[in-house]
Amino acid sequence: MRRLLRKNAEAPAARRRRRSGRTDEEQPMRTFFRLIATAVLILFILHGILGATSMTGLSNIDIYPLTVAFLVLLGAHILCSLHYVAQSLTQTKRHYFRLNRNLWIRRFSGLAVLILALCHAYLFRFLPNLDLDTKTFIFTAINILLLSATYIHIRYNVDAYIISRGAEHYRKRAVDLLVFLTVFFIYFLLANFYFYMNK
């Protein structure tokens, strides 16, 4: 009798996994992906705070070790994301772009973040002859676009991220996290405008 009850209790969870295409073997991968995403977000905020205080003249801390760690984790995050994108594209023949609008916003915003982050880090190595005013304008524009794309990427990932942790009242938690992050993003934007206006 006890075995029958356990089997009946496990059946709905198994059906949900089959409908979503997930297997027990994928769970460690998803846990790893979630931990990487958390570490990337924390390092992004630290990088932004140190960069913003440097641009406003409040500090001059060397952020190179932090940047290297951030890039390594970002690379791992990108590889995990590519794995799941490839998996979703190969498992089904119909992708329902309109119905899965939020999913594709997450993917394209992530691609935009990657491109803008590379521009933020390496663009001026290939444009050494630009004058200071032009460099400052391009640098500020890239930073603002990068912050905007990153916020959109987080905004459309935060619900899935919190649900994956099994958190109750996830909607309230998602709003709390977005409000918390919005404060940092506004500070980062103001620091970029300050840097541009006082170049």
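Residues numbered from 1 in each chain as written. Predicted model: local features only at pLDDT ≥ 70, side-chain atom pairs only at ≥ 80, totals over all residues. Heavy atoms only, no water.

A.B. asks: Which parts of the structure should I look at to understand the overall build of the protein chain?
C.D. replies: Scanning the protein chain for helices and strands turns up 7 helices and 0 strands. A buried classification covers 24% of the 199 residues belonging to the protein chain. Across the protein chain, every contact between residues at least 6 apart in sequence was considered, and the portion connecting residues at least 24 apart equals 69%. Element-wise, carbon and sulfur atoms account for 66% of the exposed surface of the protein chain, whose accessible area totals about 14,000 Å². (Helix = DSSP H or I, 4+ residues; strand = E, 2+ residues; numbered from the N terminus. Buried < 20%, exposed > 50% of the residue type's maximum accessible area, 1.4 Å probe, protein only. Contact = heavy atoms within 4.5 Å. Areas by Shrake-Rupley, 256 points an atom, 1.4 Å probe, with all protein chains shown as cover.)

A.B. asks: Help me understand the nonpolar core in this model?
C.D. replies: Soluble globular proteins tend to bury their nonpolar side chains together. Ranked by size, the top nonpolar core spans 17 residues in total, and within it Phe44, Phe70, Phe185 and Phe188 carry the most contacts. Those elements that place two or more of their residues in this core are helix H2 (27–55), helix H3 (64–91), helix H5 (132–155) and helix H7 (170–197). Top element by residues in this core is H2. It accounts for 7 residues. Not counting residues within four places of it along the chain, the set of residues in contact with Phe44 comprises Phe70, Leu147, Thr150, Phe185 and Phe188. (Core = buried A, V, L, I, M, F, W, Y, C linked by side-chain atoms within 4.5 Å.)

A.B. asks: Just to check I follow, could you spell out the packing of aromatic side chains for this structure?
C.D. replies: All chains considered together, the criterion is met by 13 aromatic pairs. Site record: aromatic cluster; members linked through ring pairs are Phe44, Phe70, Tyr151, Phe180, Phe184, Phe185, Tyr187 and Phe188. A cation over a ring is seen here: Arg107 above Trp104, with NZ or CZ 4.5 Å from the ring centre. A cation over an aromatic ring shows up here: Arg155 above the ring of Tyr156, its NZ or CZ 5.4 Å from the ring centre. (Phe/Tyr/Trp six-rings, centres within 6.5 Å; stacked < 30°, edge-to-face > 60°. Lys NZ or Arg CZ within 6 Å of the ring centre and 35° of its normal.)

A.B. asks: Is there a simple way to explain H2 in this structure?
C.D. replies: Residues that lie three or four places apart on an α-helix share one face, since the helix turns once every 3.6 residues. For H2, with 29 residues, the first-to-last C-alpha span of 42 Å sits near the 42 Å given by 1.5 Å per residue. Along H2, the residues that are buried comprise Arg34, Ile36, Val40, Leu43, Phe44, Ile45, His47, Gly48, Gly51, Ala52, Thr53 and Met55. Count one or two residues on from H2 and you reach Gly57, which has phi positive near 80 degrees. (Expected span 1.5 Å × (residues − 1).)

Distances and angles like these do not, on their own, reveal function.
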